[in-house]
Amino acid sequence: MLAIGLALGVVGLLVDNDDAWQVGLFIVITAVPLLITRAVRDSQRVTADQLAEADNAGYRRALEHVARGLLDQHTAPPKGGRPCHVEQVAGNVITLRPHHTDRPERKAQ
């Protein structure tokens, strides 16, 4: 339907026929929302086999990352002792809710 509208519009423009290109334009404008609706519907219909394949692909990717050492994080402190409870941030990071641990706590009198 879209190809017919495009062809009719182009032919109408080439032979200088206003009615033909306007009908072609109408067909194209009518066909585009239908194509979008069909694409969305097809993308939302997922079979059980496709879900299983996606799950297996994610599992294989996670195993590959673990095997390559991409997911290994240093959970223990580097010099021993207790782990830090505050996340270490870079010097150029501005936190949205800064920690006010360096200021003394204000109390009501």
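Before any of the text, the structure's been laid out above.
Each chain has its residues counted from 1, following the order in which its sequence is written. Totals for whole chains, interfaces and linings use all residues, but because this is a predicted model, local features are given only for residues with pLDDT of at least 70 and pairs of side-chain atoms are given and counted only at 80 or more. The basis for the side-chain values is all heavy atoms of the structure; hydrogens and waters are excluded.

Undergrad: Just to check I follow, could you spell out the overall build of the protein for this structure?
TA: What counts as a helix is a DSSP run of H or I of at least four residues, what counts as a strand is a run of E of at least two, and both are numbered from the N terminus. Looking only at helices and strands, the protein features 3 helices and 0 strands. Going from N to C terminus, the protein has its helices and strands arranged as α-α-α. When the accessible surface of the protein is totalled, it reaches about 10600 Å², and 59% of it is carbon and sulfur. Per-residue accessibility takes into account occlusion by the displayed protein chains alone, with areas from the Shrake-Rupley method and a 1.4 Å probe.

Undergrad: Explain the packing of helix 1 (residues 2-14) against helix 2 (residues 18-44) here, please?
TA: Each pair of packed helices can be described by the angle between their axes along with the distance between the axes. Geometry is summarised by axes, namely lines fitted to C-alpha atoms with helices restricted to the contacting stretch, and by angles between N-to-C directions that run from 0 to 180 degrees. For the pair helix 1 and helix 2, interaxial distance at closest approach is 7 Å and the crossing angle is 155 degrees. As the angle between them shows, helix 1 and helix 2 are arranged roughly antiparallel. Here helix 1 and helix 2 pass one another in a crossing that is left-handed. Taking contact as the criterion, the partners of Leu-2, Gly-5, Leu-6, Leu-8, Gly-9, Gly-12 and Leu-13 in helix 1 are, on helix 2, Ala-20, Trp-21, Val-23, Gly-24, Ile-27, Val-28, Ala-31, Val-32 and Leu-35. Of the residues in the contact of helix 1 with helix 2, the class split is 12 nonpolar, 4 polar and no charged. Roughly parallel refers to an angle under 35 degrees, roughly antiparallel to one over 145, roughly perpendicular to one between 65 and 115, and oblique to any angle outside these ranges. Throughout, a crossing is termed right-handed when the near helix is turned clockwise from the far one, and left-handed when it is turned anticlockwise from it by less than a right angle. We call two residues contacting when some pair of their heavy atoms lies within 4.5 Å. Under the scheme applied, nonpolar residues are Ala, Val, Leu, Ile, Met, Phe, Trp, Tyr, Cys and Pro; charged residues are Asp, Glu, Lys and Arg; polar residues are all the others, including Gly.

Undergrad: Looking at this model, I keep getting lost on the pattern of salt bridges. Mind explaining?
TA: A side chain of one charge can pair with a side chain of the opposite charge when the charged atoms of the two come close. Any Lys or Arg side-chain nitrogen found within 4 Å of a carboxyl oxygen on Asp or Glu counts as a salt bridge. Tallied over the full model, the rule gives 3 salt bridges. Across the pair Arg-41 and Asp-42 runs a salt bridge whose closest N-O atoms are separated by 3.8 Å. Only protein chains enter the accessibility calculation, which uses a 1.4 Å probe. A residue is then buried if its area is under 20% of the maximum for its type, exposed if over 50%, and partly exposed in between. With relative accessibility at 42%, the residue Arg-41 sits in the partly exposed group. For Asp-42, a relative accessible area of 41% corresponds to the partly exposed category. In this structure, the salt-bridge partner of Arg-60 is Glu-53, at a minimum N-O distance of 3.2 Å. We classify Arg-60 as partly exposed; its relative accessible area is 46%. Glu-53 gets classed as partly exposed once you look at its relative accessible area, which sits at 44%.

Undergrad: What is the right way to read helix 1 from this model?
TA: Every α-helix winds through 3.6 residues per turn, so residues three or four apart in the chain are directed the same way. Taking 1.5 Å per residue as the helical rise, helix 1 with its 13 residues ought to reach 18 Å, and the 18 Å between its terminal C-alpha atoms agrees with that figure. Along helix 1, the positions that sit buried rather than exposed are Gly-5, Gly-9 and Gly-12. End-on, the buried residues of helix 1 take up no more than an arc of 65 degrees, which puts them together on one face. Counted as exposed and oriented over 90 degrees from the buried face of helix 1: Ala-3, Ile-4 and Leu-14. Elements that come into contact with the buried residues of helix 1 comprise helix 2. Each residue after the first adds 1.5 Å to the expected span of a helix. The arc under discussion is defined with respect to the helix axis, by the directions toward the C-beta atoms.

Undergrad: Looking at this structure, how should I read unusual backbone geometry?
TA: Glycine aside, residues mostly have negative phi angles, and peptide bonds mostly take the trans form. One non-glycine residue, Asp-16, lies in the positive phi region at around 60 degrees. Position of Asp-16 among the secondary structure elements: in the loop between helix 1 and helix 2.

Undergrad: What should I look at first to understand the environment of Val-28 in this one?
TA: The residue Val-28 is located in helix 2 in this model. Taking the C-alpha atoms as reference points, Val-28 and Gly-5, separated by 23 residues in sequence, lie 5.1 Å from one another. Apart from the residues lying within four places of it in its own chain, the contact partners of Val-28 are Leu-2, Gly-5 and Leu-6.

Remember that the coordinates give geometry; whether it matters functionally is a separate question.
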